[in-house]
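An overview of the molecular structure
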Amino acid sequence: MTVVDSRPAAAPGPAATGPAPVTVTLKIRRFDPEFTDEAHWESYQVPFDPSDRLLDAIMWVKWNVDGSLALRRSCAHGVCGSDAMRVNGVNRLACKVLVKDLGSEITIEPIKGLPVEKDLIVDMEPFFDAFRAVKPYLITDDHEPTRERLQSAEDRARFDDTTKCIMCAACTTSCPVFWNDGDYFGPQAIVAAHRFIFDSRDAGANERLEILNEREGVWRCRTTFNCTNACPRGIQVTKAIQEVKRALLFRRL
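Residues numbered from 1 in each chain as written. Predicted model: local features only at pLDDT ≥ 70, side-chain atom pairs only at ≥ 80, totals over all residues. Heavy atoms only, no water.

1. A word on the environment of Ser82
- For Ser82, the location among the structural elements is in the loop between helix 1 (54-64) and strand 4 (84-87).
- Sequence separation of Ser82 and Val191 is 109 residues, and the distance between their C-alpha atoms is 18 Å.
- If sequence neighbours within four positions are ignored, Ser82 has contacts with Arg72, Arg73 and Ser74. (Helix = DSSP H or I, 4+ residues; strand = E, 2+ residues; numbered from the N terminus. Contact = heavy atoms within 4.5 Å.)

This is the structure we're talking about:
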């Protein structure tokens, strides 16, 4: 179904001598469980400026054409990770890509591997269950410190890359293994574990490694690099996963 803005155009005034507005077609996968069991595609003609992000175009549809369109968004500046979606077949944050860079027709659908609740909104609980399972917090054996736990710059640099994660789920839901095996921890959970496994102040590395050594843990990774390519923060996700694998191997020797 193709939906267009049917409001009558305003009569041009004396100053309306500029170029005609540029438009793009947004082809959005829609699903509303209250009305149907099947998803379908709807297309919208959207005007845009060269500086507009994809999120701006989607919100134009919601505000001007169809207010029932459902999606997640928050900061709109690539910090919160709320608006991860599949754009032209690749996971992206809608607030970090420009409309002009995506072609004349843009396909938009929810991220894969998680149950779709409505339109572009998915159930994130399986994702957060995996995150919580790897114990993503500092574990210590000693008493509450009386001063700051100091760390050298070199020790901090060891896990700097994996501190950048914004938990958008773009990496995990770009993984073919996760698509086909809902029990797999997924790349993000391994990244979260990596951040603490290699923290010199932490005492829970062996505990986390044992968790990731399970059948649905780190060994399920097939090194396709989808996760690294999808990360909006540029985290070397595949490298982090390989480092966790090596930590398990050398721990056995």
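2. Section: the pairing of strand 6 (residues 105-109)
- Counting buried residues in strand 6 gives four out of five residues, a clear majority hidden from the surface.
- For strand 2 (residues 23-30) and strand 6, the ladder comprises four bridges, and the chain directions are parallel. What sits directly across from Leu26, in strand 6, is Ile106.
- Direction of pairing for strand 4 relative to strand 6: antiparallel, over a ladder of two bridges. Bridging across to strand 6, Val87 finds its partner in Ile108. (Buried < 20%, exposed > 50% of the residue type's maximum accessible area, 1.4 Å probe, protein only. Pairing = 2+ DSSP bridges.)

3. A word on the domain arrangement of the protein chain
- Splitting the protein chain by domain gives domain 1 (22-122) and domain 2 (124-143 + 154-250).
- Spacing between the C-alpha centres of domain 1 and domain 2 amounts to 28 Å.
- Each partner contributes residues to the interface: domain 1 has 17 residues there, and domain 2 has 15 residues.
- Looking only at domain 1, the three residues that lose the most surface to domain 2 are Asn91, Lys112 and Leu114, adding up to 39% of its buried area.
- If you look at where domain 1 meets domain 2, you find zero salt bridges.
- Taken together, the connections running from domain 1 to domain 2 amount to four residue pairs in polar contact (both at pLDDT 80 or more).
- Among the secondary structure elements, those contributing two or more residues to the side of domain 1 that touches domain 2 are strand 4 and strand 5 (90-93). (Domains from an automatic or database assignment. Buried area = accessible area lost by both parts, 1.4 Å probe. Salt bridge = Lys/Arg side-chain N within 4 Å of Asp/Glu carboxyl O. Polar contact = N/O pair within 3.5 Å; in protein donor to acceptor, adjacent residues only side chain to side chain.)

4. Observations concerning the confidence of the model for the protein chain
- Here the protein chain averages 92 in pLDDT, and 91% of its residues register 70 or above.
- Low pLDDT, under 50, characterises residues 1-16; the predicted model gives this stretch 16 contacts beyond four residues in sequence or across chains. (pLDDT = per-residue confidence, 0-100.)

5. Focus on helix 1
- Residues of helix 1 that are buried: Leu54, Leu55, Ala57, Ile58, Met59, Trp60 and Val61.
- At its buried positions, helix 1 is contacted by strand 2, strand 3 (40-47), strand 4 and strand 6.

6. Describing the state of the cysteines
- Using the criterion set out here, one finds zero disulfides in the structure.
- No disulfide involves Cys80; its nearest neighbouring cysteine sulfur is the one of Cys75, lying 3.5 Å away.
- For Cys80, a relative accessible area of 28% gives the class partly exposed.
- For the unlinked cysteine Cys221, the closest cysteine sulfur is that of Cys227, found at 6.2 Å. (Disulfide = S-S within 2.5 Å.)

7. Topic: helix 2 (residues 125-133)
- Within the sequence span of helix 2, burial applies to Phe127, Ala130 and Phe131. Down the axis of helix 2, the sector holding all buried residues measures 100°, keeping them to one side.
- Buried residues along helix 2 sit against helix 5 (187-197).
- Backbone geometry just downstream of helix 2 places Lys135 in the positive-phi region, at approximately 55°. (Arc of directions from axis to C-beta.)

8. Concerning the pattern of salt bridges
- A complete count under the given rule lists 19 salt bridges for this structure.
- Between Arg195 and Asp199 there is a salt bridge; the shortest N-O distance is 2.9 Å.
- The structure contains a network of salt bridges with shared partners spanning Arg30, Glu42, Asp66 and Asp119.

9. Notes on the side chain of Arg195
- With respect to the element layout, Arg195 can be found in helix 5.
- A polar contact is formed between the side chain of Arg195 and the side chain of Asp199, at a distance of 2.9 Å.
- Apart from the residues lying within four places of it in its own chain, the contact partners of Arg195 are Phe159, Thr162, Thr163 and Arg201.

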